[in-house]
Amino acid sequence: MPVSLDNLLVIGISSRALFDLEAEETLFQEQGLDAYRQHQLKEENSVLKPGAGFGLVKALLKLNELTPGHRLVEVVIMSRNSSETSLRIFNSIAHYGLDITRAALSGGAPLAPYLLAFNVSLFLSLHEDDVQAAINSGVASAMLYRLPDNAADPEQIRIAFDGDAVIFSDESERIYQEHGVEAFEAHERENAKKPLPQGPFARLLVALSYLQNNFKTPDGRAFPLRTALVTARASPAHERVIRTLRAWNIAIDETFFMGGVNKSAVLAAFKPHMFFDDQHGHCLHASNVVPTGRVPVKQNK
């Protein structure tokens, strides 16, 4: 029988997101495909340095080691490379001992059509068109920023999320952007007991919550995986968030209602393997201290 990727947390990640291929990308942009091809063939035995998504992938794959004979996480390389230029990627995967065996190598074609074929739960890339197409197709996706210097690599898996337009829909965010903070707060007070609609990362959060429940210790703590919500919301807009998570039966480990305060210091203290936000300004600041991914707004065609 064929292997099924159902009921697994499947991470699709581009080669540039897993490894540092910025010099190679510059070569491709400035000198073209043939120069890039020749370089990759020449350097195929040279190990690539970790990229912005490496720490998160390495940490999540460790969950499989805790459940021998029962996989929880699968990682698929989703690359615009051809098979000819991909050996350096696979050699680097082997060097770091990453348990990755599957790949989609599109030879320059868009990757989004193949995400559903691999049942991808989360797609990470540095290619904006692929990320936008993935979000449009309903797959949680983020465009990663450059890895900060001295990024932490805690033993415990740590993932942080913004709220509106990430975990929740951008409905309330649009009210804030179009009508200001007073209209936003009034709307949230009036709808405090009405759960927020799901955002692009809601299903991922549900999947992570399921994984957490697999590893709960007798005191109720889920040691291998810890989540945080770091949102610009504050009172009185906090109540709807709390009630929504309660309605979804999800417990986030740490929650920070920042009220517009810069998120970087809290993120530096939490030390996530990845922080997901929808605002470029927030991501730019956060990317100086922690690995960061920007979640684009879904574009309806």
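Higher on the page you've got the structure.
Conventions and cut-offs
Residues numbered from 1 in each chain as written. Predicted model: local features only at pLDDT ≥ 70, side-chain atom pairs only at ≥ 80, totals over all residues. Heavy atoms only, no water. Core = buried A, V, L, I, M, F, W, Y, C linked by side-chain atoms within 4.5 Å. Buried < 20%, exposed > 50% of the residue type's maximum accessible area, 1.4 Å probe, protein only. Helix = DSSP H or I, 4+ residues; strand = E, 2+ residues; numbered from the N terminus. Contact = heavy atoms within 4.5 Å. Salt bridge = Lys/Arg side-chain N within 4 Å of Asp/Glu carboxyl O. Arc of directions from axis to C-beta. Phe/Tyr/Trp six-rings, centres within 6.5 Å; stacked < 30°, edge-to-face > 60°. Lys NZ or Arg CZ within 6 Å of the ring centre and 35° of its normal. Axes fitted to C-alpha atoms, helices over the stretch in contact; angles between N-to-C directions. Nonpolar A, V, L, I, M, F, W, Y, C, P; charged D, E, K, R; others polar.

(A) Highlighting the nonpolar core. Counting residues in hydrophobic clusters, the biggest one holds 55 residues, and the most contacted among them are Leu 18, Phe 161, Phe 201 and Phe 276. Here the element with the most residues in this core is helix α4 (residues 54-65); it accounts for seven residues. The contacts of Phe 161, once residues within four sequence positions are left out, are Val 166, Ile 167, Phe 201, Leu 204, Leu 205, Leu 208, Thr 227, Ala 228, Leu 229, Val 230, Phe 275 and Phe 276. Val 10, Val 76, Ala 112 and Phe 123 belong to the second largest nonpolar core, which has 14 residues in total.

(B) Spatial organisation of the pattern of salt bridges. Enumeration according to the criterion identifies 20 salt bridges in this entry. Notably, a salt bridge pairs Glu 25 with Arg 16, separated by 3.8 Å at the nearest N-O pair. Note on Glu 25: relative accessible area 22%, which makes it partly exposed. Residue Glu 74 pairs with Arg 102 through a salt bridge whose shortest N-O separation is 2.9 Å. On the criterion of sequence distance, the pair formed by Glu 74 in strand β2 (residues 73-79) and Arg 102 in strand β3 (residues 102-105) is long-range, its members being 28 residues apart.

(C) How the structure looks around the environment of Leu 18. Position of Leu 18 among the secondary structure elements: in helix α1 (residues 15-18). Once residues lying within four places of it in the same chain are set aside, the contact partners of Leu 18 are Ile 13, Pro 50, Gly 51, Phe 54, Val 57, Ile 77, Ile 93, Leu 98 and Ile 100.

(D) Main features of helix α5 (residues 87-96). Listed in full, the buried residues belonging to α5 are Arg 88, Ile 89, Ser 92 and Ile 93. Seen along its axis, α5 keeps its buried residues to an arc of 140°; they face one direction. Against α1, α2 (22-31), α3 (33-42) and β2 lie the buried residues of α5.

(E) How the structure looks around α2. Within the sequence span of α2, burial applies to Glu 22, Glu 24 and Leu 27. Buried-residue contacts for α2 involve α1, α3 and α5. Just beyond α2, the residue with positive phi is Gly 32, at close to 95°.

(F) Structural detail: the packing of aromatic side chains. With the rule as written, the count across this model stands at nine aromatic pairs. With centroids separated by 6.3 Å and ring planes inclined at 65°, the aromatic side chains of Phe 161 and Phe 201 adopt a geometry described as edge-to-face. With Phe 161 in strand β6 (residues 157-161) and Phe 201 in the loop between α8 (181-190) and α9 (202-214), this pair connects stretches of sequence that are 40 residues apart. We classify Phe 201 as buried; its relative accessible area is 0%. With 4.8 Å between their ring centres and 45° between their planes, Phe 201 and Phe 276 make a pair best called tilted. One end of the pair, Phe 201, is in the loop between α8 and α9; the other, Phe 276, is in strand β9 (residues 274-277), with 75 residues separating them in the sequence. What links up through ring pairs into an aromatic cluster is the set Phe 19, Phe 54 and Tyr 96. Just above the ring of Phe 270 sits the side chain of Arg 158; from NZ or CZ to the centre is 4.8 Å.

(G) Region of the structure containing the environment of Ala 103. With respect to the element layout, Ala 103 can be found in strand β3. With relative accessibility at 28%, the residue Ala 103 sits in the partly exposed group. Along the sequence, Ala 103 and Leu 87 sit 16 residues apart, while their C-alpha atoms lie 12 Å from each other. Look past the residues within four positions of Ala 103 in its chain and what remains in contact with it is Val 76, Ile 77, Phe 90 and Phe 118.

(H) View of the packing of helix α7 (residues 171-179) against α8. α8 packs onto α7 with a crossing angle of 150° between their chain directions and a minimal axis gap of 7 Å. On α8, the residues touching Glu 171, Ser 172, Ile 175, Tyr 176 and His 179 of α7 are Val 181, Ala 183, Phe 184, His 187 and Glu 188. Across the contact of α7 with α8, the residue classes break down as five nonpolar, three polar and two charged.

(I) Unusual backbone geometry, seen in detail. At the junction of Ser 235 and Pro 236, the peptide bond is cis and its omega measures out at 10° in the coordinates. Along the chain, Pro 236 falls in the loop between β7 (225-231) and α10 (238-247). We note that Asn 249 has phi near 60°; this positive angle belongs to a residue other than glycine. Inspection of the secondary structure assignment puts Asn 249 in the loop between α10 and β8 (254-257). The phi dihedral of Lys 271 falls on the positive side, at around 60°, and the residue is not glycine. By the secondary structure assignment, Lys 271 is in the loop between α11 (264-270) and β9.

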